[in-house]
Amino acid sequence: LKFIFGPSAVPALDLVDQRSVTQVRSPSGRTLYQVLGSSGKLYTCYSSCHFCTCPAFGFSVLQKSESLLCKHILAVYLSQAMGACQELAVSEEQLTNVLLAEEEDEG
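All values reported here derive from a predicted model rather than from experimental measurement.

A. Spatial organisation of helix H3 (residues 55-63). Along H3, the positions that sit buried rather than exposed are Phe-57, Ser-60 and Val-61. Across the axial projection of H3, the buried residues extend over an arc of 100°, all falling on one side. Turned more than 90 degrees away from the buried face of H3 sit Pro-55, Leu-62 and Gln-63, all of them exposed. Tucked inside the fold, the buried residues of H3 contact strand E4 (51-52).

B. Layout of the state of the cysteines. Using the criterion set out here, one finds zero disulfides in the structure. With no disulfide of its own, Cys-70 lies closest to Cys-52 among cysteine sulfurs, the gap being 3.7 Å. Residue Cys-70 is classed as buried on the basis of its relative accessible area of 5%. In this structure Cys-85 is not part of a disulfide, and its nearest cysteine sulfur, from Cys-45, lies 10 Å away. Cys-85 gets classed as buried once you look at its relative accessible area, which sits at 16%.

Cut-off values and rules
Residues numbered from 1 in each chain as written. Predicted model: local features only at pLDDT ≥ 70, side-chain atom pairs only at ≥ 80, totals over all residues. Heavy atoms only, no water. Buried < 20%, exposed > 50% of the residue type's maximum accessible area, 1.4 Å probe, protein only. Helix = DSSP H or I, 4+ residues; strand = E, 2+ residues; numbered from the N terminus. Arc of directions from axis to C-beta. Contact = heavy atoms within 4.5 Å. Disulfide = S-S within 2.5 Å.

This is how it looks when you write it as structure tokens:
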């Protein structure tokens, strides 16, 4: 994993070991993932479009194209593969509030 994903591999595995990945699902089937980062901040990841709200994703992946993904997205993919995601069922309104909270944090 380290050969393919570089420095993101070990921290991502740590996040998986700590069960830091939660799949958030609404009744309509909309799904997103929240990852509690090593800094204690909660990041939202969208595996369907390969996106994370962390600064490392914006800088290393989008701006610099130095990495394929951040440790949070890799942790989501590893958790999915290993069946290690925590699951949280929320209402459509609660999911909307999660998405709006992310938008406020960015703005």
